[in-house]
Amino acid sequence: MISLEDVHFYIGDNHIIRGISFDIAEGETVAIIGASGSGKSTLLKLILGLYYPTSGQVFVDGIDISSMKERKLRKIRKRMGMVFQDGALFDSLTVGENIGYYLLEHSKMKLADISDEVSAMLEFVGLDPELIDRLPDELSGGMQRRVAIARALVSTRPQVMLYDEPTTGLDPRATKRITDIINKIGDQKTTAQIVVTHQITDAFRVSDRFIMIDSGEKIFDGTGKQLLSCKDQNIIKFLGPFNSVIEKHCRLLAEMS
Ligand SMILES: Nc1ncnc2c1ncn2[C@@H]1O[C@H](COP(=O)(O)OP(=O)(O)OP(=O)(O)O)[C@@H](O)[C@H]1O
Ligand SMILES: [Mg+2]
């Protein structure tokens, strides 16, 4: 569903992405981890076609978007949902308008049908449909993040969902709600998902495939077990502070299965 082939990306002289390749299958959920400034958000922008690779190719559903014109790109982007770190909701629109905005603008659906769709989406992300007339400011950060996911899902039933730090700044309960939603979408096996996160335990919750980026290079691509037994010094250094948490999590997972 998503393929990168030897992608390089420069901003000015700054070589930000250095020859990254990977394939993500339909229905697969992958976590992208790596230190701050390593290039994770830039990768998402390359996949969305917000940046063009300097060299190499990006394919979405088999279509090369690496040098595609904006008008065509917009069509491809309709198949992708993006959840930005801050939720990026429109402050002056209600929850319902935020979620239904795309359908209001770009479809011929009747208002009543849009409203039904919005309510169904609110329920899907575990929010009370009564919140439909509230303004984003009146919701907690975690609820806003869920509205952002609902908005990304409602527009097009995306084949690709991209999340940039979806749980940063949330308490454990709100975090679990978000990872549960990501897993629920993952379980449907129809949407390829990329979850960029600093929260290594969240990465383990949503996926068993990890791609690690270091200074614009892919230094790891494999399962959690492989990650934990990896001897690469950069990986050991990155995981160091989390080791005990991860091991506990893996034990729990092993006990459950
Ligand atoms: N618009 C830009 N102009 C110049 N340099 C940029 C720009 N955007 C990103 N960079 C640089 O590219 C590198 C990768 O940035 P990116 O935002 O992809 O990192 P990240 O892995 O998402 O970091 P974080 O975990 O802090 O969000 C950084 O060194 C950053 O300074
Ligand atoms: Mg980032």
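## Comments concerning the site of ligand 1
Point 1. Lining the immediate surroundings of ligand 1 are 13 residues, of which Ser36, Gly37, Lys40, Thr42 and His198 lie closest.
Point 2. Here Gly37 contributes a backbone N or O atom positioned 2.8 Å from an oxygen atom of ligand 1.
Point 3. At 2.8 Å from an oxygen atom of ligand 1 is found a side-chain nitrogen or oxygen belonging to Ser41.
Point 4. Here ligand 1 has 630 Å² of accessible area as a free molecule, and 60% of this is covered by the chains.
Point 5. Class assignment of the residues belonging to the shell around ligand 1 gives a composition of four nonpolar, seven polar and two charged.

## Topic: the packing of aromatic side chains
Point 1. Taken as a whole and judged by the stated rule, the model has three aromatic pairs.
Point 2. With centroids separated by 4.5 Å and ring planes inclined at 40 degrees, the aromatic side chains of Phe204 and Phe210 adopt a geometry described as tilted. One exposure class covers both Phe204 and Phe210, and it is buried.
Point 3. The ring of Phe90 is capped by Arg151, whose NZ or CZ atom sits 5.7 Å from the centre of that ring.
Point 4. Above the face of the Phe124 ring, Lys184 is positioned so that its terminal group lies 4.3 Å from the ring centre.

## Observations regarding the sheet that holds strand S9 (residues 210-214)
Point 1. Ordered in space as S6-S7-S8-S3-S9-S10, the six strands form an open sheet in which the pairing is mixed. Edge positions in the sheet fall to strand S6 (80-83) and strand S10 (217-222), since each has one partner strand and no second. Here the strands of the sheet are splayed against their neighbours by 15 degrees on average, with no regard to which way each runs.
Point 2. Where S6 meets strand S7 (residues 160-164), four bridges bridge the pair, whose relative direction is parallel. By the bridge assignment for S7, Met80 is matched with Val160.
Point 3. Against the sheet, helix H1 (residues 40-48) engages strand S3 (29-33), S6, S7, strand S8 (192-196) and S9, with an angle of about 155 degrees to S7.
Point 4. Sitting on the sheet, helix H6 (residues 172-187) is in contact with S3, S7 and S8, with an inclination near 155 degrees to S8.

## Concerning empty space enclosed by the protein
Point 1. Overall, the coordinates contain one cavity of 30 Å³ or more when judged by the stated rule.
Point 2. If you add up the space inside the largest cavity, you get close to 30 Å³.
Point 3. What lines the largest cavity is simply Pro166, Thr167, Thr179, Ile182, Val195, Thr197, Asp202, Ala203 and Val206.
Point 4. Within the residue set of the lining of the largest cavity, elements represented by two or more residues are H6 and helix H7 (200-206).
Point 5. With three residues, H7 is the single largest residue contributor to the lining of the largest cavity.
Point 6. Considering only residue class, the lining of the largest cavity consists of five nonpolar, three polar and one charged.

About the criteria used
- Residues numbered from 1 in each chain as written.
- Chains lettered and ligands numbered in written order.
- Predicted model: local features only at pLDDT ≥ 70, side-chain atom pairs only at ≥ 80, totals over all residues.
- Heavy atoms only, no water.
- Near = heavy atom within 4 Å.
- Polar contact = N/O pair within 3.5 Å; in protein donor to acceptor, adjacent residues only side chain to side chain.
- Areas by Shrake-Rupley, 256 points an atom, 1.4 Å probe, with all protein chains shown as cover.
- Nonpolar A, V, L, I, M, F, W, Y, C, P; charged D, E, K, R; others polar.
- Phe/Tyr/Trp six-rings, centres within 6.5 Å; stacked < 30°, edge-to-face > 60°.
- Buried < 20%, exposed > 50% of the residue type's maximum accessible area, 1.4 Å probe, protein only.
- Lys NZ or Arg CZ within 6 Å of the ring centre and 35° of its normal.
- Pairing = 2+ DSSP bridges.
- Helix = DSSP H or I, 4+ residues; strand = E, 2+ residues; numbered from the N terminus.
- Axes fitted to C-alpha atoms, helices over the stretch in contact; angles between N-to-C directions.
- Contact = heavy atoms within 4.5 Å.
- 1 Å grid on protein atoms, 1.4 Å probe; cavity = no way out; pocket = protein on both sides within 12 Å on 5 of 7 lines; lining within 4 Å.
- Points joined across faces, edges and corners; volume = space filled by probe spheres on them.

From the geometry alone we can't say anything about function, so treat these as descriptive.
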